[in-house]
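A structural walkthrough
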Amino acid sequence: MLTGKRVLLIIGGGIAAFKSLDLIRRLRDQGAEVVPVLTRAAEEFVTPLSVSALAAQKVYRDLFDLTDEAEMGHIELSRAADLVVVAPATADLMAKMASGLANDLASTLLMATDKRVLIAPSMNVRMWEHPATQRNLTVLHGDGILVAGPDKGAMACGEFGPGRMAEVPEIIDAIDAALRDGPLKGRHVIVTSGPTHEPIDPVRYIANRSSGAQGTAMAEALRDLGATVTFVTGPADVAPPPGVDVVRIETAREMLAAVQAAHPADAAVFAAAVADWRVENASGSKMKKDGSGKAPALEFAENPDILATVSQMDEGRPGLVVGFAAETDDVVENATAKRLRKQCDWIVANDVSVETGIMGGDENAIVLIDAEGADVWPRMAKRDVARLLAQRIADAVGAR
Ligand code: CTP
């Protein structure tokens, strides 16, 4: 429920603006107050009257409306909310946000606010995939803007692909997560997830079978307890959850740099399956067969150990560092030794032998190892493992 929460809803000028009417209705059903702002372009798609009627509120439209400035200035308007939501967020609005333009009411509010901002992008698939939009998205992620969607599907313009605004329940979930006052509210947690890709040449790479499922579930569970989550992910099969700050990387060295850039943090959870080795003699251009029948000789160099590096930080080490250990034999012994070697606080160990079906499956059976010893958990869904672990993390971080 969102009882007592105030959402400043900026409606951009896109065909998905009609879904925002439903968003207003459902937010109010959940007890939220919705303060609507319409851009000029949005008024081509929905009328101020219908928005105002559904929100049971005045609609804010113009930066230079003196009556509004007298009643409530744009600075105050942007800060009186608990969360600012932009739905639909058009390519134009995203570009304005990324470059800090403030030339109308919506963009000025977005610049002036001190609250979290969640956007639900909506645009034609080509516009979404355009390098300019993707560049803006990276900037917005870096600025801590939360992003819900877009979804993939048939679009109003007749094309198919990513760009369709997330469905209303998905946006509500992201709003709910962003507003939740859980035990980790105000705490920052870094989560690594997925595999890394280590290039051989510009078109080939070495990777592993990690789907990113457990790391994604961890990020979701920590977010649901109110944490601000920086989710550093390799190219995973599972999409990153909404309501977390996503940093996409490919190699282990990029992952380390992203984790270091995300500090300080109250806790860090290393669920990624990081490649231990990278190709030291990776080629800058595509390797060709030379006709001799001889395969190229790849030389390997050891990648930095991200978990060990963070665990052994002299200054600014997160209060709690949690590693994962994928083992096939002597799970508890190996994982216990790994905890001591890397110097993390906890190790979540699991048996990834093929017959367990854990790698790539929906379930996990873990042993939680800390300084006190090993705690064997029953087999359960990865999501449930994540929920219980997140709760333990919240207890530990709260006790520090
Ligand atoms: N890890 C890391 N950086 C690396 C390798 C591993 O951060 N370069 C982290 C993983 O995210 C995980 C933990 O270390 O939390 C253990 O990973 P695992 O693959 O089980 O251990 P390895 O260090 O690779 O040891 P080994 O291959 O000897 O089992």
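Residues numbered from 1 in each chain as written. Predicted model: local features only at pLDDT ≥ 70, side-chain atom pairs only at ≥ 80, totals over all residues. Heavy atoms only, no water.

Details of the overall build of the protein chain
Scanning the protein chain from N- to C-terminus turns up 14 helices and 21 strands. Relative to the globule expectation of 21 Å for 400 residues, the C-alpha radius of gyration of the protein chain, 23 Å, shows essentially globular dimensions. Residues classed as buried in the protein chain amount to 52% of the 400 residues present. Long-range contacts, defined as pairs at least 24 residues apart, comprise 67% of the intrachain contacts of the protein chain with a sequence gap of at least 6. A total accessible area of about 18,700 Å² is found for the protein chain, and carbon and sulfur atoms account for 51% of it. Taking the average location of the 41 positive side-chain charges in the protein chain and that of its 55 negative ones, the two points are 3 Å from each other. (Helix = DSSP H or I, 4+ residues; strand = E, 2+ residues; numbered from the N terminus. Rg over C-alpha atoms; globule rule 2.2 N^0.38 Å. Buried < 20%, exposed > 50% of the residue type's maximum accessible area, 1.4 Å probe, protein only. Contact = heavy atoms within 4.5 Å. Areas by Shrake-Rupley, 256 points an atom, 1.4 Å probe, with all protein chains shown as cover. Lys, Arg positive; Asp, Glu negative; His and termini not counted. Charge placed at Lys NZ, Arg CZ, Asp CG, Glu CD.)

A word on the domain arrangement of the protein chain
Each assigned domain of the protein chain is listed here: domain 1 (6-179) and domain 2 (188-398). The distance between the C-alpha centroids of domain 1 and domain 2 comes to 34 Å. In this complex, domain 1 contributes 9 residues to the contact, which on the side of domain 2 involves 8 residues. Note on domain 1 versus domain 2: buried area summed over both sides is about 650 Å², and carbon and sulfur give 55% of it. The tally of links between domain 1 and domain 2 comes to 1 salt bridge. Residue arginine 116 is joined to aspartate 245 by a salt bridge in which the shortest nitrogen-to-oxygen separation is 3.5 Å. Applying the counting criterion to the domain 1 and domain 2 interface returns 0 residue pairs in polar contact (both at pLDDT 80 or more). Split into classes, the residues belonging to the side of domain 1 that touches domain 2 amount to 6 nonpolar, 2 polar and 1 charged. (Domains from an automatic or database assignment. Buried area = accessible area lost by both parts, 1.4 Å probe. Salt bridge = Lys/Arg side-chain N within 4 Å of Asp/Glu carboxyl O. Polar contact = N/O pair within 3.5 Å; in protein donor to acceptor, adjacent residues only side chain to side chain. Nonpolar A, V, L, I, M, F, W, Y, C, P; charged D, E, K, R; others polar.)

Description of the packing of helix 1 (residues 17-29) against helix 9 (residues 168-179)
Contact geometry of helix 1 with helix 9 gives a least axis separation of 10 Å together with a crossing angle of 50 degrees. Between helix 1 and helix 9, the angle falls in the class oblique. Here helix 1 runs over helix 9; the crossing is right-handed. On the side of helix 1, the interface is formed by Lys19, Asp22, Leu23, Arg26 and Leu27, while helix 9 contributes Val168, Pro169, Ile171, Ile172 and Ile175. Of the residues belonging to the contact of helix 1 with helix 9, the class tally is 7 nonpolar, no polar and 3 charged. (Axes fitted to C-alpha atoms, helices over the stretch in contact; angles between N-to-C directions. Parallel < 35°, antiparallel > 145°, perpendicular 65-115°, else oblique. Left-handed = near helix turned anticlockwise from the far one by under 90°.)

Some details on a nonpolar patch on the surface
Taken together, the side chains of Ile15, Phe18 and Phe45 present a nonpolar region at the surface, about 320 Å² in accessible area. Secondary-structure assignment places phenylalanine 18 in helix 1. (Patch = residues over 30% accessible without salt bridge, like charges linked within 9 Å, V, L, I, M, F, W, Y side chains within 5 Å.)

Considerations on the site of the ligand
Taken together, 14 residues lie near the ligand, and Phe270, Ala272, Phe324, Lys338 and Lys342 sit nearest. A distance of 2.6 Å is found between an oxygen atom of the ligand and a backbone nitrogen or oxygen belonging to phenylalanine 270. In the model, an oxygen atom of the ligand is placed 2.5 Å from a nitrogen or oxygen of the lysine 342 side chain. Protein coverage of the free-state accessible area of the ligand, which is 580 Å², stands at 78%. Secondary structure elements with two or more residues in the shell around the ligand: helix 12 (306-311), strand 16 (320-327) and helix 13 (331-342). For the shell around the ligand, the leading source of residues is strand 16, giving 4 residues. (Near = heavy atom within 4 Å.)

Some details on the packing of aromatic side chains
Scanning the entire structure with this criterion turns up 0 aromatic pairs. The side chain of lysine 58 reaches across the aromatic face of tyrosine 60, ending 5.5 Å from its centre. (Phe/Tyr/Trp six-rings, centres within 6.5 Å; stacked < 30°, edge-to-face > 60°. Lys NZ or Arg CZ within 6 Å of the ring centre and 35° of its normal.)

Some points on the sheet that holds strand 16
The strand order across the open sheet built from 8 strands is 12-11-8-13-16-17-19-20, with neighbouring strands paired in mixed fashion. What marks the edges here is a single partner per strand, and that holds for strand 12 (245-248) and strand 20 (373-376). Direction aside, the axes of adjacent strands within the sheet are offset by 20 degrees on average. (Pairing = 2+ DSSP bridges.)

Thoughts on the side chain of asparagine 124
Following the sequence through the fold, asparagine 124 ends up in the loop between strand 4 (116-121) and helix 7 (125-129). Take asparagine 124: its relative accessible area is 17%, and that puts it in the buried class. A distance of 2.7 Å separates a polar side-chain atom of asparagine 124 from the backbone nitrogen of arginine 126. Residues within four places of asparagine 124 in sequence aside, it is in contact with Met155, Cys157 and Glu159.

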